[in-house]
Every structure is written in structure tokens, then in C-alpha cells.
Amino acid sequence: MSVATFSIDYHQYLKPDGTLAQALPTELSPEDLLALYRLMHLLRTFDNRAINLQRVGKLGTYPGTLGQEAIGVAIGYAMKKEDVLVPYYRDSGAQFQRGMPFHRILQYWGGDERGSDCDNAEDFPTCVPIASQSVIATGVATAIQYRKQERAVLTTIGEGGTSEGDFYEALNVAGAWNLPIVFVVNNNQWAISVSREQQTSTQTIAQKAIAGGFSGEQVDGNDVIAVYERIRVALEKARSGGGPTLIEAITYRLCDHTTADDANRYRPKAELEAAWLKEPLLRLRAYLNAHQAWDDIKEEQLLQECRQSVDKEVDTYLNVKPAPVTDIVDYMYARWPHNLKDQRDTLLQFGETHHE
Amino acid sequence: MSKITLLEAVTQALGYELAHDENVVLLGEDIGLNGGVFRATDGLQARFGANRVMDTPLAESMIAGLAIGMAAQGLKPVAEFQFMGFSYPALDNILNHAARLRNRTRGRLHCPAVFRAPYGGGIHAPEHHSESTEAIYAHIPGLQVVIPSSPARAYGLLLAAIRSSDPVLFLEPKRIYRLVKQEVPDNGEALPLEKAFVLREGSDITLISWGASLHETQQAADALAQEGISVEVIDIASIKPLDTETIIRSLNKTGRCVIVHEAAKSGGIGAEIAAQIAEKALLSLLAPIQRVTGYDATMPYFKLEYSYIPSVARIVHAAKLSLEFA
Ligand SMILES: Cc1ncc(C[n+]2csc(CCOP(=O)(O)OP(=O)(O)O)c2C)c(N)n1
């Protein structure tokens, strides 16, 4: 006797060669497609610059998004301003569209708290302790539900992170309370050196939602159209009281885990080469080419434009004035406790001299 | 014999114990093929196999739970948390189970597990990778907390930690992972746990520290010595339990001390050391105890981290305040 059954759908519009797997969603105009293509290029240009800055000592450890651009870009494009993003640490693509310009993203990874500033004032800052963001996102969603607002929360995580207890706890409460939340999993096949297969025996990450009592689905995470469309639908469902959704976006981390990692130690070369054929920009360009919406000249123009805007952001970043040392204590509490005044004095006396 | 770093000494100790005790197993995130993000377990999976050097799924509460369960079965698990900042999901298991198993069962079960983690700032790492929260763990009855500050002590203390029949949190100061090299014979000789090490003998003032801060503390001692001051330097090493005897003996001699640690000041281990001195050597004190510590603030991101980490200048300044106290 079977008491429960489930199935997991897989969504794809653009195949790796740029041909259609199904008719495009009506919500996306030809201009939208061009915009998504542009955003992915912009992100890739930025990413490349960030890694170069790290190599020359002008940035700290940076987690790249190479090959995974469709996910962040689609998230940023699908969310409404009034929604709330509770990101993990590989979300530059969503963040720069949500009021966190590249120079601030660089500031964050450059070791400066001011880089967590965001024009979308309710978005959370980058989250490093894995899966803690998942439970926090359910809290944001609960507040939205409490106030009966038509808004949604979107939170991200890597597939490795879905092994954490906090992730399951978040799924459970999201289902139990029918929260307005979308969980997006960047399944880039590797959690540093641990492969998707070593990480878990589950057939799909998406089906983890089933245990939480709501639906999960897979999308081709290298198909920006599919990622956008499925996130759009899930956000709409969340805003209108339909509850949570888990979206597993299947992609591949073409870069190292971070600039501190060397993937050659564990990643099979053949796997990497095969993954390059499926990357997200290639297929959208092929589609646009085939529909006379794109050509080499436009491509060259776009690349140049991306380089220029990233240059400007890098310039801003490199010219930021250092923060005063008192920033170390002045944001800890609404008011620095009177009883700790002597510590602030010591900081003022000695803090300015770096002694590295 | 070639000289090795603190990091390599950790690898050497793990290799020695794996080779000599089949109950020893290693577990953690990325410790296998990748050899750990700092390479502390480099080559060990190739030497001892994936069933003894285990890459776990990404989950720290699980890692601690696995280690406790294995330890209760008589294995000697050495679990790695990738960074101390990611150990907190495991705190529940460490506090509520690892540290209590012996007491709860009146000795029927115990927990000979080691939890290793790199800790502390100074390597320009991202957020959450640089804190020093040893006091949180040292406050847990039943847990031992050990911090080496040289390759030789890393080797000897890690061996002792693995051989201990009670759980040990072994914190590795990553700022000095590769700072100095030392000859460390791979002879399997453990150093005693529960002991502080007198690194330098002197009679005017005692500088007390542990972990990476000993680097600045030793430099401060050098600077003071140049001015003709006779400085004693103590490496606490065993954060819990504290070797009060060594501390008090030194204080009875010098009557003055500066305690240096990177962790935040309030409720830090410096406070416990100061309390022990007040209890047991008050009448030997010639000046108020000085503490040079991190501020009661979150470890700043790396642009400002060296404004937070105690500097040589701060230590020297504090020592002079103590020495000038009539
Ligand atoms: C709680 C916690 N444990 C460990 C780490 C260290 N760490 C950073 S990234 C990472 C792998 C994450 O892989 P995955 O979740 O698949 O996401 P990806 O980085 O591949 O996007 C680990 C173990 C962390 N940041 N937080």
C-alpha cells in the first residue's frame, strides 16, 4: 500500500544549442530577452574583474559566478522591489540589480562593512554561515504574512547547503505555516570539493520540499528564461497566499569555489569541458542570433559597454575613503555602552596604527 | 630533519595517530581529496583511505553528532570544522552531549573525540572566518580547550588531545599556520595537556598569552628586554583547564602581568586568569593586572582587522603602565 506519491517537474525553454524546448513564456518580450542577455554579460564582466582584483591584492576572497549567471540574473529580474532578498554568498547577480551596485559588492569582499549597504533597505546582507539565511528568510516571510502584505521573500542556497539542519527546519516551517517564500537552490554540482553525488543520495534536491509539505521543481539553471519564468510564477504564488516553492536550478560552477580554492585538485577535467558547452550565455546568444536580434557587432558593442560600466564601478571602489577605526565599535549597539567607554578610548589611541 | 610549519605539524600528528591507532578516524568538510581548505589533512586520505578520512555532507551539527556517536563506540574521531565561525551549529551537540556523556552515564560512556578548527584573524579572510570565541567553549564544563602556538606544541598537543579520553576542542591559530618552521621529530611523543609553557624566563613582569597573539607578545617582550626589563612569557596553551600553578608561580616572582588575547575583552579567558591571580596571588601583585585584548565588538572585516588584533605597541604600553605603577 502506498500512502504518498510525488513527482518533480523539470522546466526548460532554451536547449543548450539555443533552440526552443517549448514556446517562450508570454511574459517575456524580445526586449526582456535582450535585457537578460545584457545583464548576464555585465555580471560575467564584473566577475572577471573581481577575480583579477583579488589576484593583484586589491580584493579579498571572492566567490565567482561563472557559469551560474542565469540564476542570479533571473532572481534580480523576477523580484519586485517590495519583495525581500535573503541571499547567500554567491548572489552578486541578484544583488547588483537590487540596489547593491558593484562597487559595494567589491567593498564587501574587500573587507569593508559598508559594502553591505543596499538601496533596497529591507534586503538582507550577504550570508556566509551556510543555511542560517534559510531560517531567517522564514522569519521575514512570517512578518509579511502577519501584516497581510502582498510581498514575497526569496532566499538562496547552494546544493551542499541543503544538507544543513537549518535548511530542513526552514522548509518545514515554510510548509507548516504556508509562508510567502521561494527557496532557490543553486545546484552547481560542487560544494567546494564535495560533489553532488557525495553530498546526498536524494534523486533531486527539489524533492526536499515534499518533506516540508509543498512543491519543489527543477529548472535548467543555465536557461535564464526558465529560471526567470519559474521564479516569477513562484513569487506570484507566494504573494497571493499560495505558499512556498522550492526551485532547484541545475547549473555548473565553471570557476573555482572561491579565489582561495583550486578546483583542479578535485574536479574532473572532462566534466568541466562538457559543462562549458551548456553554459547560459552561449545558448541565449545562439537563440538571439537565430532570430536576427543579435550579431557580432552588437556583441562587441555590448562587451565594451559592460567593460566601461564595470571600470567605473571598480574606480569608485578603489577610491573609497577608509572607514574610521571607531566604526569597529560605533555600530555594535544603538549607543556604545557607557561602561565600555575606556575600550573606545583605547581604540582611538591605538587603532589608527595598523601593525600588520 | 626538515623543519615544518604549525600546519604541517598538525598533518604530521594526524598521520602519526592514524598510522598507530586504527580507532582514529578523521571527518569533516573537504578534508579528503582536497586535504582541507588549509591542507591540514593533505595526503591523508590517499594514505589511509576514504573510510578513515571521511568527507562528510555539509552539516556541522551532524559532524559533531557523528563524532560523539563514534566516540561512544570506542572510536577516536577527529572532526574538523572548516572555520571556528561555522562550529556553532555543533554547539548543541558539544555542550549537551560531548561534554556531558561521561557524567550523565557515571562513566559508562565517554567521548574521546577531538574537534579541530582554525580560528582567529589576520589572514584577510571574509566575514565569520576570523573570530576568536574560545571563551564560549571554555565555559562548558566537561570540555577541554587547547590552543597550540608553535609547530612542536601543535604536534605534541594534538597527539595528547587525540589520546585523551575526554572531548577536546583543538583550536588552530591560522594566522601563524605558516609563520615559523621548526624541527618536529615524528616520534609520537605527546605533550602534557593541562599545562602552560614558560617560553621565556624573567623576573620583572609576566606576559601571558596563547595562540597567534603570542607572536606580538614575544615581540613586545623583545622590545622590553632591549630596555633592560626582564620579561617572563607564558603560553597558556590549555585554555581549559587552566594551569593556574604555572601562572601563580610566575606572578609570585614578578608581581606584574599583562594578559594578551585576540578575543573580545568582557568574559574572555583573560578575565578568568585575572580572577585566579586575584584569588591566589593577590598579595604578590605590585601593580593592577593589565589586559590587552580585542574590543567588545564583532571582529571587523579585514580592512580593519589589524586595528582590532592586539598590537606590539599596545602590549608594550600596558607593560609600562604596570612597571611604572609604584
Ligand atoms: C555553516 C557553514 N559551514 C561551512 C562553511 C564553509 N563553506 C563555505 S562554502 C562551502 C561549500 C558550499 O557549497 P554549496 O552549498 O553547494 O554552495 P556553492 O558554494 O557551491 O555555491 C563551505 C563548506 C560555511 N560558510 N558555513
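Overview of the structure. Sequence positions are assigned chain by chain, starting from 1 and proceeding in written order. Here the convention is simple: chains get letters from A, ligands get numbers from 1, in the order in which they are written. This being a predicted model, a pLDDT of at least 70 is required before a residue's local features are given, and a value of 80 or more before pairs of side-chain atoms are given or counted; all residues contribute to the totals for chains, interfaces and linings. Only hydrogens and water are set aside when side-chain values are computed; all heavy atoms of the structure are taken into account.

This brings us to the overall build of chain A. Helix and strand assignments come from DSSP, with helices taken as H or I runs of at least 4 residues and strands as E runs of at least 2, each series counted from the N terminus. The helix and strand inventory of chain A stands at 14 helices and eight strands. It is over C-alpha atoms that the radius of gyration is taken, and the globule rule equals 2.2 Å times the number of residues to the power 0.38. Against the 2.2 N^0.38 benchmark of 21 Å for 356 residues, chain A shows a C-alpha radius of gyration of 21 Å, consistent with a compact globule. Taking the principal axes of the C-alpha coordinates as reference, chain A spans close to 70 × 55 × 40 Å. Counting only contacts in chain A whose residues sit at least 6 apart along the sequence, the fraction spanning at least 24 positions is 73%. Counted as positive: Lys and Arg. Counted as negative: Asp and Glu. His and the chain ends are not counted at all. Taken as the charge location is NZ of Lys, CZ of Arg, CG of Asp or CD of Glu. Each charge class in chain A was averaged separately, 35 positive and 48 negative side chains, and the resulting centres sit 1 Å apart. In what follows, a contact means two residues having at least one pair of non-hydrogen atoms within 4.5 Å.

Pairing of aromatic rings covers Phe, Tyr and the six-membered ring of Trp, with a centre-to-centre limit of 6.5 Å; geometry is then stacked below 30 degrees between planes, edge-to-face above 60, and tilted otherwise. Under the counting rule described, the total for this entry stands at 19 aromatic pairs over all chains. Taking 5.2 Å as the distance between ring centres and 80° as the angle between the ring planes, the aromatic pair formed by tyrosine 37 of chain A and tryptophan 294 of chain A counts as edge-to-face. Here tyrosine 37 of chain A is found in helix α1 (residues 30-55), whereas its partner tryptophan 294 of chain A is found in the loop between α11 (280-290) and α12 (296-318), with 257 residues between them in sequence. Just as tyrosine 37 of chain A is buried, tryptophan 294 of chain A falls in that class too. Linked through ring pairs, Phe46, Tyr62, Phe96, Phe102, Tyr108 and Trp109 of chain A together with Tyr301 of chain B together constitute an aromatic cluster. Only when the NZ of Lys or the CZ of Arg is both within 6 Å of the ring centre and within 35 degrees of the ring normal is a charge said to sit over the ring. Between the NZ or CZ atom of arginine 153 of chain B and the centre of the ring of phenylalanine 197 of chain B, over which it lies, the distance is 5.6 Å. With a 1.4 Å probe rolled over the protein chains alone, any residue whose accessible area is under 20% of its type maximum counts as buried; one over 50% counts as exposed, and the rest are partly exposed.

Next up on the list: the nonpolar core. The biggest cluster of nonpolar side chains holds 101 residues, and the ones touching the most others in it are Phe46, Ile75, Leu154, Val224, Ile231 and Leu284 of chain A together with Leu26 of chain B. Contacts of leucine 26 of chain B, omitting those with residues within four sequence positions, involve Leu14, Leu18, Ile31, Thr41, Leu44, Arg52, Val53, Met54 and Val78 of chain B. Joining through side-chain atoms within 4.5 Å is the link that ties buried Ala, Val, Leu, Ile, Met, Phe, Trp, Tyr and Cys residues into a set, and such a set is a nonpolar core. Of all hydrophobic cores here, the second largest spans 46 residues; its members include Ala79, Ile147, Ile208 and Ile234 of chain B.

Let us now look at the pattern of salt bridges. Basic side-chain nitrogens of Lys or Arg form a salt bridge, by our definition, when they fall within 4 Å of a carboxyl oxygen of Asp or Glu. According to the stated counting rule, one finds 33 salt bridges over all chains in the structure shown. With a closest N to O distance of 3.2 Å, arginine 104 of chain A and aspartate 119 of chain A form a salt bridge. Remark: aspartate 119 of chain A occurs in the loop between α4 (102-109) and α5 (132-146) and arginine 104 of chain A occurs in helix α4; sequence separation between them is 15 residues. Classification of arginine 104 of chain A by relative accessible area gives buried; the value is 13%. Linking aspartate 166 of chain B and arginine 102 of chain B is a salt bridge whose minimum nitrogen-to-oxygen distance equals 2.7 Å. Linking aspartate 166 of chain B in the loop between α7 (151-163) and β7 (168-173) with arginine 102 of chain B in helix α5 (residues 101-104), this pair joins segments that are 64 residues apart in sequence. A relative accessible area of 25% means that aspartate 166 of chain B is categorised as partly exposed.

Residue and element names in this part refer to chain B. Two strands pair under a simple rule: DSSP has to find at least two bridges between them. As summarised here, the arrangement of the five strands in space is β9-β11-β10-β13-β14, forming an open sheet in which the pairing is mixed. The open sheet has two edge strands with one neighbour each: β9 (197-200) and β14 (290-294). With direction set aside, neighbouring strand axes in the sheet form an average angle of 25°. Every angle, taken between N-to-C directions, lies between 0 and 180 degrees, and every axis is a line fitted to C-alpha atoms, over only the stretch in contact when it is a helix. Sheet strands touched by helix α8 (residues 213-226): β9, β10 (205-209), β11 (231-235) and β13 (257-264). Its angle to β11, the strand with the most contacts, is close to 170°. Sitting on the sheet, helix α12 (residues 312-324) is in contact with β10, β13 and β14, with an inclination near 165° to β14.

What follows concerns the interface of chain A and chain B. If you look at the interface, chain A gives 45 residues, while chain B gives 41 residues. Once two parts are joined, some of their accessible surface, as seen by a 1.4 Å probe, is lost; buried area is that loss totalled over both. In total, about 3,600 Å² of surface goes out of reach between chain A and chain B, with carbon and sulfur atoms giving 60% of it. Across the contact surface, chain A and chain B share one salt bridge. With a shortest N-O distance of 3.0 Å, arginine 265 of chain A and aspartate 42 of chain B are connected by a salt bridge. Polar contact is defined as a pair of N or O atoms within 3.5 Å, subject to the rule that within protein one atom must be able to donate a hydrogen and the other to accept it, and that residues adjacent in sequence are counted only when both atoms are side-chain atoms. For the pair chain A and chain B, the interface holds eleven residue pairs in polar contact (both at pLDDT 80 or more).

All right, on to the pairing of strand β5 (residues 114-119) of chain B then. In summary, the side chains of a regular strand alternate between the two faces of the sheet. Residue and element names in this part refer to chain B. Counting buried residues in β5 gives six out of six residues, a clear majority hidden from the surface. Residues of β5 alternate between two faces, with Val114, Arg116 and Pro118 on one and Phe115, Ala117 and Tyr119 on the opposite face, all of them buried. Of the pairings in the sheet, the one linking strand β4 (residues 76-80) to β5 comprises three bridges and is parallel in character. Looking at β5, one finds that glutamate 80 is bridged to arginine 116. As paired strands, β5 and β7 are joined by six bridges and run parallel to one another. Across the sheet, residue phenylalanine 115 finds its bridge partner in β7, namely leucine 169.

Our next topic: α4 of chain A. Given 3.6 residues to a turn, an α-helix orients residues that are three or four positions apart in the same direction. All names here are of chain A. For α4, a buried count of eight out of eight residues is recorded, marking the element as mostly surrounded by other parts of the structure. Those residues of α4 that fall on the buried side of the exposure criterion are Phe102, His103, Arg104, Ile105, Leu106, Gln107, Tyr108 and Trp109. On its buried face, α4 sits against α1, α3 (92-95) and α12. After α4 finishes, the residue glycine 111 shows a positive phi value of roughly 85°.

Moving on to the site of the ligand. In the vicinity of the ligand there are 21 residues, among which Tyr88, Tyr89, Arg90 and Gly161 of chain A together with Glu60 of chain B approach most closely. Residues are labelled near a given molecule or strand when at least one of their non-hydrogen atoms is within 4 Å of it. Nearby residues around the ligand are contributed by chains A and B. Isoleucine 130 of chain A is positioned such that a nitrogen or oxygen atom in its backbone is 3.0 Å from a nitrogen atom of the ligand. Contact distances for the ligand include 3.4 Å between an oxygen atom and a side-chain N or O atom of histidine 257 of chain A. Exposure was quantified through the Shrake-Rupley algorithm and a 1.4 Å probe, taking into account, for residues, occlusion by the shown protein chains and nothing else. Out of a free accessible area of 590 Å², the ligand has 97% covered by protein chains. Three classes are used, and their members are as follows: Ala, Val, Leu, Ile, Met, Phe, Trp, Tyr, Cys and Pro are nonpolar, Asp, Glu, Lys and Arg are charged, and the others, Gly among them, are polar. For the shell around the ligand, the per-class residue count stands at ten nonpolar, six polar and five charged.

On to the sheet that holds strand β8 (residues 245-250) of chain A, then. Residue and element names in this part refer to chain A. In space, the six strands of this open sheet follow the order β1-β7-β8-β4-β3-β2, with parallel pairing throughout. A single partner strand is all that each edge strand has here, and the edge strands are β1 (10-11) and β2 (84-86). Packing of helix α2 (residues 69-78) onto the sheet brings it into contact with β2, β3 (153-158), β4 (181-187) and β8, and relative to β4 it is tilted by some 165°. Along the sheet, α5 contacts β2, β3 and β4; its crossing angle with β3, the most-contacted strand, is approximately 170°.

What follows concerns the packing of α5 of chain A against helix α6 (residues 165-176) of chain A. Residues and elements named next belong to chain A. Where α5 contacts α6, the axes come no closer than 7 Å and their chain directions differ by 20°. With respect to α6, the element α5 is oriented roughly parallel. Regarding α5 and α6, the two cross each other, and that crossing is left-handed. Together, Ser132, Ser134, Val135 and Thr138 of α5 and Asp166, Phe167, Glu169, Ala170, Val173 and Ala174 of α6 make up the contact between the two elements. Classifying every residue of the contact of α5 with α6 by side-chain character gives five nonpolar, three polar and two charged. Every angle not falling under 35 degrees, over 145, or within 65 to 115 is termed oblique; those three ranges are roughly parallel, roughly antiparallel and roughly perpendicular. Helix crossings fall into two classes, left-handed where the near helix is turned counterclockwise from the far one by less than a right angle and right-handed where it is turned clockwise.

Here the focus is the pairing of β10 of chain B. Residue and element names in this part refer to chain B. Counting buried positions along β10 gives five out of five residues, so the element sits mostly inside the fold. Every second residue of β10 is oriented toward a common face, with Ile205, Leu207 and Ser209 on one face and Thr206 and Ile208 on the other, all of them buried. Relative to β11, β10 is paired through five bridges, and the arrangement is parallel. Residue isoleucine 205 lies in a different strand from β11, and its bridge partner there is valine 231. This β-α-β element, β10 to α8 to β11, shows right-handed connectivity. With three bridges joining them, β10 and β13 adopt parallel strand pairing. Counted as the bridge partner of leucine 207 is valine 258 from β13. Look down the strands so they point away from you; if going from the first strand over the helix to the second traces a clockwise path, that crossover is right-handed.

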